[in-house]
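# Examining the three-dimensional arrangement
If you want the building blocks of each chain, they are given just below.
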Amino acid sequence: MYDIQRVRDDFPILSRQVYNRPLVYLDNGATTQKPRCVVEAMVDEYYNVNANVHRGVHFLSQQATDLHEASREKVRTFINARSVNEIIFTRGTTESINLLAFSFGEAMVKEGDEVIVSAMEHHSNIVPWQMMCQRRGAQLKVIPMTDEGTLRVDALDELITDRTRIVCCTHVSNVLGTVNPVKDIIAKAHACGVPVLIDGAQSTPHFAVDVQNLDCDFFAFSGHKVYGPTGIGVLYGKEQWLDKLPPYQGGGEMIKNVSFERTTFNVLPYKFEAGTPDYVASHALATAIDYVSSLGMDNIYRHEQELTSYAVSRMREIDGMRIFGHCGGTVQPLNDASPDSSATAAVATAAATHDAVISFLVGDIHHLDMGTLLDRLGIAVRTGHHCAEPLMRRLGIEGTVRASFGLYNTKEEVDILVEGIKRVSKMF
Ligand code: PMP
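Below is a summary of the structure that appears in this document. Residue numbering note: each chain is counted from 1, following its sequence as written. Selection of residues for local features in this predicted model requires a pLDDT of at least 70, selection of side-chain atom pairs for listing and counting requires 80 or more, and totals for whole chains, interfaces and linings are taken over all residues. Excluded from the side-chain calculations are hydrogens and water; all other atoms, namely the structure's heavy atoms, are used.

### Overview of the pairing of strand E6 (residues 139-143)
Filter applied, for reference: In this scheme, strands are said to pair when DSSP sees at least two bridges between them. A run of DSSP states H or I qualifies as a helix once it reaches four residues; a run of E qualifies as a strand once it reaches two. Both are numbered from the N-terminal end. A clockwise course of the path from the first strand over the helix to the second, judged with the strands pointing away from the viewer, identifies a crossover as right-handed.
Where strand E5 (residues 114-118) lies against E6, five bridges are found, and the strand directions are parallel. Each residue of the ladder has a partner; that of Ser 118, found in E6, is Ile 143. Considered for its hand, the β-α-β crossover made up of E5, helix H5 (residues 127-136) and E6 is right-handed.

### Description of helix H10 (residues 279-295)
Spelled out, the test is: Helix span is expected to be 1.5 Å times the residue number reduced by one. The classification of residues rests on relative accessible area computed with a 1.4 Å probe and restricted to protein chains. Under 20% of the type maximum is buried, over 50% is exposed, and intermediate values are partly exposed.
If you check H10, its first and last C-alpha atoms are 25 Å apart, about what 17 residues at 1.5 Å a residue would give, namely 24 Å. In terms of residue burial, H10 counts as a mostly covered element, since 14 of its 17 residues are buried. With its phi angle positive at about 95 degrees, Gly 296 sits one or two positions after the end of H10.

### A word on the layout of surface pockets
Here is the rule: Both cavities and pockets are sets of points on a 1 Å grid over the protein atoms alone; in a cavity a 1.4 Å probe fits but cannot get out, in a pocket the set is open with protein on both sides within 12 Å along at least five of seven lines, and lining residues sit with an atom within 4 Å of a point. Grid points are joined across faces, edges and corners, and a volume is the space filled by probe spheres set on the points. Polar here means any residue outside two lists: the nonpolar Ala, Val, Leu, Ile, Met, Phe, Trp, Tyr, Cys and Pro, and the charged Asp, Glu, Lys and Arg; Gly therefore counts as polar.
Approximately 320 Å³ is the volume attributed to the largest pocket. Lining the largest pocket are 25 residues, and of these Gly 29, His 122, Ala 201, Gln 202 and Lys 225 lie nearest its centre. There is about 270 Å³ of room inside the second largest pocket. Phe 89, Thr 90, Arg 91, Glu 95 and Ala 274 are the residues nearest the centre of the second largest pocket, which is lined by 16 residues in total. Breaking the lining of the second largest pocket down by element, the ones donating at least two residues are strand E4 (87-90) and helix H4 (93-108). In terms of residue class, the lining of the second largest pocket is built from seven nonpolar, five polar and four charged.

### Focus: the pattern of salt bridges
Our working rule: Each salt bridge in this description consists of a side-chain nitrogen of Lys or Arg and a carboxyl oxygen of Asp or Glu lying within 4 Å of one another.
Under the definition given, this model contains 26 salt bridges. One salt bridge in this structure joins Glu 106 and Arg 136, with 3.8 Å as the shortest N-O distance. Here the residue Glu 106 occupies a position in helix H4, and Arg 136 occupies one in helix H5, the gap between them amounting to 30 residues. Between Arg 314 and Glu 317 there is a salt bridge whose closest N-O contact spans 3.0 Å. If you follow the salt bridges from partner to partner, you end up with Arg 314, Glu 317, Asp 415, Glu 419 and Lys 422 in one network.

### A word on the environment of Ser 71
Definition in use: Residue contacts follow a heavy-atom distance rule, with two residues in contact if any of their heavy atoms lie within 4.5 Å.
With respect to the secondary-structure elements, Ser 71 resides in helix H3 (residues 59-79). Taking the C-alpha atoms as reference, Ser 71 lies 9.8 Å from Val 84; in sequence the two are 13 residues apart. Those residues in contact with Ser 71, other than ones at most four positions away along the chain, are Phe 89, Ser 282, His 283 and Ala 286.

### A short note on the site of the ligand
To keep things clear, this is the line we draw: Being near a molecule or strand, for a residue, means having at least one of its heavy atoms within 4 Å of it. Think of a polar contact as two N or O atoms within 3.5 Å of one another; within protein, one of them needs to be a possible hydrogen donor and the other a possible acceptor, and neighboring residues in sequence only count if both atoms come from side chains. Shrake-Rupley sampling with a 1.4 Å probe provides the accessible areas, and residues are treated as covered by the protein chains on show and by no other component. By definition, a pocket or cavity contains a molecule when more than half of the molecule's atoms lie within 2 Å of the pocket's grid points.
In the vicinity of the ligand, the residues found are Thr 93, Thr 94, His 122, Ser 124, Thr 170, Asn 174, Asp 199, Ala 201, Gln 202, Ser 222, His 224 and Lys 225. Interatomic distance of 2.5 Å between a side-chain N/O atom of Thr 94 and an oxygen atom of the ligand. At 2.7 Å from an oxygen atom of the ligand is found a side-chain nitrogen or oxygen belonging to Ser 222. Look at the ligand: alone it shows 400 Å² of surface, and the protein chains cover 85% of it. The cavity where the ligand resides is the largest pocket. Per-class residue counts for the shell around the ligand are one nonpolar, nine polar and two charged.

So, in C-alpha cells, the structure goes:
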C-alpha cells in the first residue's frame, strides 16, 4: 500500500521550514520536488562516470552513452512508445513543442493552412504555433470551452477543414485540472487525416500514459514535473512522422556527413538532437521514472484523486470560495475503476475528469494577496495567469490562486491550506 510517510522521507526538502513553519509545498504543477535517488544519480554520474556521449571510444564515454541510451529505453516504456527512435530528448515541453512547430511548419504547412489549438492551452502550446503560422501564412483556430472548463470537442466537426494540418491540445489543464478526452479528439482528427500533438506536461506526473493506446502522433512532457531534474524533456513522435520532418537545429550529433557543399543527416532520434545532450539529466530522469514506477502510477493517481476530492469538498466550506473548472466539484470517483480495469483506464474513458489542480479565488481578495499571505504561513501556492492568458480572458479574470498536488502531499497539508485560506479571508 501507499505509505505516505515513507514516501515523504524520500524528499529531504519536505522537512524544511519556511518562516519557522513546516513547508507545505502545493506548487507541483510548476515543478515537483526531487527524491533523494534522483539527486544521488546525478551526483554519482558526475563523480564517477562523466564523459561526453556517443563520440568516445574510451571507457567512460561508453558508460555514459550506455546510461543515456538506457534512459531513452526507460522513457519509451514509461509512455509505451513503439521504438526508442520515437523518443527525442529536449530541454522540456516548451522546447519539444518549439521543435515540432518549426519542423512540422517547414515541411507540412503552407499559406492558407490551419492549425487548431484549444482554449485552455499553456502559452507554450500556443505561441510556437502562432509564430509558425505567421511565418507560413497560416491561421490559428481554437477549440472552445464551456464555462465549467470542459472543451467543446463537438466543435471540432466544424473546426477541422481540408486546410487543417495539425491539432494541438493539452492532456490536462495546468489551470483547471481538466483531463481532456484526448482519445476522442485524436479519433476525430484522424478521421479527417489530421495528426495530433498532446501536451503531456500535466498528465505524465499524475497517471500512466500510453501513447500507442491514445494513438497520438506527437506527445511532449518535462522531466522536472515528474520528479526528475530540470533541463530535460521529451518529444515523442510516431516514426513515420519524424522521418518526414526536417531537423530543428544543426550541429554535432545530428549529422551523418558534412562537407561545405552538403550535409546529410543522422538517423532517428539523433536527427533532432544537435549538440551535447544533457546526459546526466537523462539518467536522472530515468531514475525518477523508476521511482514513480516503483510507487505505481495507479497508486499515485488514486492518492492524488482522493486528496483532490478532499480538498475540493473542504474548500467549498469557505465563504466566497470560487473554484474554477471542476464541474460542480466532482472529481473522478475512485470506485469508477472496476477491479478489472486500472484507475488510469477510467481516466482514459471518462469524457472529462479532473486532476490534482485546484484554481480558486475567494470573494474579491486579489490572487496575489492571497498567495503572499499563504506563503507567510509556510504554504507555497502559485498565483497569476499560469501562462494561460487566453484562458484567463475566457474566464473573465486576471488570475487565480492555484494549489497543485504531488504524490507526497497529505490531507493534513490540505487542512493547513484550508485553515490558511480562512485566516487570510478574515483579514479582508
Ligand atoms: N504545458 C503545460 C500544460 C504546462 O503546465 C507547462 C509548465 N507549466 C508547460 C507546458 C511548459 O513546461 P516547461 O516549462 O517545463 O517547458
